[in-house]
Every structure is written in C-alpha cells, then in structure tokens.
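For reference, the chains in residue letters:
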Amino acid sequence: IPVEPFDLVIFGGTGDLARRKILPGLYRRFVSGQMPPEARVIGAARSEFDDAGYRNEVRDALVEFIAKDKLDDDRVAAFLDRLHYVAIDATGEAGWSELADLMRENVVRAFYFSVAPSLFGALAERLHMHRIADADSRIVVEKPFGRDLASARQLNQTLAEHFEETQIYRIDHYLGKETVQNLMAVRFGNVLFEPLWNAQYVDHIQITVAETVGVGGRGGYYDKSGAMRDMVQNHLMQLLCLIAMEPPSRFDPDAVRDEKLKVIRALEPVESRDIVRGQYQRGSNSASYLEDVEDEQSRTESFIAMKLHVSNWRWAGTPFYVRTGKRLRARQSEIAVVFKDAPHSIFGEEAGRHRNILTIRLQPNEGMTLGVTIKEPGPGGMRLIDVPLDMTFADALGPDNDDVTDAYERLVMDVIRGNQTLFMRGDEVEAAWAWTDPIIEGWQMRDMRPKPYEPGTAGPEESAMLLHRENRRWRAIR
Ligand code: NAD
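Residues numbered from 1 in each chain as written. Predicted model: local features only at pLDDT ≥ 70, side-chain atom pairs only at ≥ 80, totals over all residues. Heavy atoms only, no water.

Draft legend 1. Examining the overall build of the protein chain more closely. Secondary structure summary: the protein chain contains 15 helices and 15 strands in total. In terms of overall dimensions, the protein chain is globule-like: its C-alpha atoms have a radius of gyration of 24 Å, near the 23 Å expected for 478 residues. Seen through its C-alpha atoms, the protein chain measures out along the principal axes to roughly 75 × 50 × 45 Å. Across the 478 residues in the protein chain, those meeting the buried criterion constitute 55%. Long-range contacts, defined here as pairs at least 24 residues apart, represent 77% of the contacts in the protein chain between residues at least 6 apart. Looking at charge distribution, the protein chain has the averaged site of its 60 positive side-chain charges lying 5 Å from that of its 74 negative ones. (Helix = DSSP H or I, 4+ residues; strand = E, 2+ residues; numbered from the N terminus. Rg over C-alpha atoms; globule rule 2.2 N^0.38 Å. Buried < 20%, exposed > 50% of the residue type's maximum accessible area, 1.4 Å probe, protein only. Contact = heavy atoms within 4.5 Å. Lys, Arg positive; Asp, Glu negative; His and termini not counted. Charge placed at Lys NZ, Arg CZ, Asp CG, Glu CD.)

Draft legend 2. Molecular detail of the site of the ligand. Close to the ligand lie 19 residues, the nearest being Thr 14, Asp 16, Arg 20, Ala 90 and Val 115. With respect to the ligand, the backbone of Arg 46 contributes an N or O atom lying 3.2 Å from an oxygen atom. Within the contact set of the ligand, an oxygen atom lies 3.0 Å away from a backbone nitrogen or oxygen of Lys 143. Considered on its own, the ligand offers 840 Å² of accessible surface; in the complex 74% of this is hidden by protein. (Near = heavy atom within 4 Å. Polar contact = N/O pair within 3.5 Å; in protein donor to acceptor, adjacent residues only side chain to side chain. Areas by Shrake-Rupley, 256 points an atom, 1.4 Å probe, with all protein chains shown as cover.)

Draft legend 3. Just the UniProt feature "binding site: NADP(+)" (unreviewed entry) in the protein chain, in detail. Mapped onto this structure's residue numbering, the UniProt feature "binding site: NADP(+)" (unreviewed entry) falls at Gly 12, Gly 13, Thr 14, Gly 15, Asp 16, Leu 17, Ala 18, Arg 19, Arg 46 and Lys 143. Positionally, Gly 12 belongs in the loop between strand E1 (6-11) and helix H1 (16-31). Filtering out sequence-adjacent residues up to four positions away, Gly 12 remains in contact with Ala 18, Ala 44, Ala 45, Ser 114 and Val 115. The residue Arg 46 is located in the loop between strand E2 (40-45) and helix H2 (51-65) in this model. Accessibility expressed as a relative area gives 73% for Arg 46, which makes it exposed. Other than its neighbours up to four places away in sequence, Arg 46 contacts Tyr 85, Ala 87 and Ile 88. (UniProt positions renumbered as here; feature names shortened; annotations may be inferred.)

See the structure below:
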C-alpha cells in the first residue's frame, strides 16, 4: 500500500546506519512500489556534497548492501533521482536555510536523527527555529536513548521542548521484525494460546539474543555501555513486554504501549544471585574482550544472563530467563515459551514425556514452531515423540530476506503513516531505565568483575547453573 507523499530528511545521511540500513531499506520500499512518485529523501550531514555527489555515495552503499539480483540499473537510477543533499551543521548555522528552502508544503515531513544523541537537542531546536518542522512533522530518534534514567529524562525533556510526544518516534528495530509483530498476531488473533498464557500453564520463558561477533571496532562505545545497556534495557525488555503484556483493548499505539509500560513497572528488582555477567576470552583467532576494548581493567560485560519476575497476577512465580552476549556459538535470537508438563501421563513413564514449547525465532530463519507431542508412527506401541508444528514464513518473505533491513524499512514507512504502535514511548524508556539503574549501580558499588567465558560457547558456566539449580535448561545455541 503506497503511503502519502513525503520529504524524509536523514540527518547523518552519510553515516554508517544510513548507508547500511536506512537507505537500502528505502530502496527496497521504492522497488516494491510503496514510495509515491512525489516522495523525496534528503540526506543532511557534515560532508560537502552536491546532489550528484550524494547520489554516487548512495549508489555505492546500495551496491554494497543490497543483493545483486535486486539491483536493477534503471530502478537504482530512478531511486537516486528522489535523493537530494544538504551539507549541514547540527550545532551551527550552515545549511539550515538551504534545507528550509528545499522542503515542500503539503507533504509529510519526517526527520530521521541518525546522528550521535548529543546532537538531538541541537537538531530539534534548529528545526523549530527555522520553521522547518510543523505540528504534523515527525522525528525519528535512534538508540541509545540515554545511558541511565537521568540522561533519558533529560533527552525526553529536550525533545519535548519542540515536539509533542505524538511526533516522536523512538526506534527499536526489534519491534519492526516480522516475527515480533506476528507474536502479537498469534497471541491475540487465536483463541488457542491466550487461555494458556499464564503462570498456571507456562513453566518458564526464555529469551536469547546470541551474537557471534565481538565488539570489533566499536570497542570504545561498547565499553561505556555493556550488554545490559546496549541490549537488555531496550531490545530484550521490548520482547519481554510483548510476551508478558495483557491483551490491549485495541491494536493502537497508546493501548499497546500502556500495556507494555505496566509490564516494565511490574518487573521485580533482581537479586545478584540471579544475574551472571561475562566477558569473552581470547580465542584461537580472535582477541579477548579486554584486548578489543584496550583496557585490561574493564569491568564491562559482553554477556549477561538473568532470571526475572513479572510481579502480577498472570505471571506470579513464572521465571523469565533472558540472556544476550557476544562471541557466542551462533547468531541466534529466539523466545521460547515452555509450557508445563501434562498433569498426568496416561501412557506411563516409559512412553516418554514431552513438553509443549512455542519457539519464536527472530533470527536466523524468522518464524515460529510449536512443539507438539504425538504417537511415534509405526507398529512399535504407544511411544510419544515431539514434532514441530512449523509456522516458518521465510518462504513467504523470500530467501534473501534480511531481517534487520526489513525491520528498518517497515518502521520508516510506519513513521510516514503516522503509526507509533511499534515505537517506544518516552515513559516506557524511562521506566526501563528506572529498573536497570539500580542493578548497574549495584555492580559498580561492589566493583563486580564479569566471569570469563570461552568464545564460541553459550557463555560462562554460571549461566547454565542459573537454570540447572531449578532443574531447567537453556535451549541450545547452535
Ligand atoms: P556515523 O558516525 O557513521 O555517522 C554520523 C553521521 O552524523 C555522519 O553522517 C556525519 O556527517 C553526521 N554528523 C556528525 N556530526 C554532525 C554535525 N555536527 N552536524 C551534522 N551532521 C553531523 O554514525 P552511525 O553509526 O551512522 O550512527 C548514527 C546514530 O545511530 C547514532 O546515534 C548511533 O548510536 C545510532 N545507531 C547506529 C547503529 C549502527 O549500526 N551504525 C545501530 C543502532 C543505532
């Protein structure tokens, strides 16, 4: 479905994120016919380019980041025709009147802040001062949204000086993933799951976001944040909210976000015995975390596993185990809802027992699988086996579906449509920091050292113990 005509300004339009995700995503929307003929994209960054120079840069980015068979010269040329460029200084005066002159009336105006968060305030102020943004304009802001409650509040206040909450789109690209949206469809579009979706029938829930990469060239940035700030406070928290929230009365932005907020507020403080932090060691051909960040004394975690409790009627006593880390065995993100055993086995113990597990895979191979117990086919008597009811939709999405680019393009189009459902509201972000802050302060106060772990594993031993001590097991990372 095409969207309304728009002018999308990408501040930081020459940066890494714009080149790798935003512009390739827009190109794909263009190819699929979703960009109306009057839509334009305006790159705005520090480098001095004219339109032609910028188009060349973007062509290079498309060649690098889009599959060859999707790159057709004519289409690329037609897409590049939609691009313009203004050299701008976020903190000075250069370029702002040129940008003001370029903007058109009667189209949706959206401004993507793909720059360091320290520039958000300056951009918001100048958009306002030069009357480039109007009451219907939207701004899109990237992570990280603050590094603690105080800085997130400050950022919210700064943006609120010039924009209404309904104009602010805080991006968490996990929410743009097909599977994540499907999770809501499965939960609230079927009668099968919701009655079982509670402490009475669910034994526990696991959320895993495992990466194989180390911190690489981002060591300096990462070392100031760590897995808790970089992944848990935002992405894992958002996934947990969608799993744990009550059914909203409508699929509308505030109804959904109100329910997510209640989940965050219901999170209990976490005891230190329920947290495992780790740092990857040197591998046969990879540096250790400490080498990567060039600081032998760093106490920042590249891995974290935690047991959480959502303290409300629905989830009383049901643990949520979450873990994320770098340099692990495989790149794998999934949510697993592990249901309780059937209360009584009529087939006897020798038939075997199986649990229903609903697995929601974010990557690789986005999709969902429900493990169901059936009789082993054949004449061998009543033995039970587990078979997957597979709801994989990779086929429908196409083999070269890139889930991250995909998430970005979907979210950018939601901005143009004015749909905030899949974006974080200011109070949600603040509540998430309010829960995170005391945990991080506790580590700092006790000067806690993360546990070392071998690269290519599932993290430190202690992470496995977190579940073993309760007779549970993490799902394999493979
Ligand atoms: P980058 O350093 O590659 O690019 C920064 C961009 O900002 C450049 O286009 C530069 O010209 C522009 N810029 C810098 N100072 C400016 C100024 N004073 N006035 C105008 N423009 C200025 O950064 P990036 O990796 O693209 O990240 C951009 C934002 O996105 C950051 O907030 C980052 O945290 C966030 N982010 C990036 C990624 C990623 O994969 N790169 C992922 C998630 C979030």
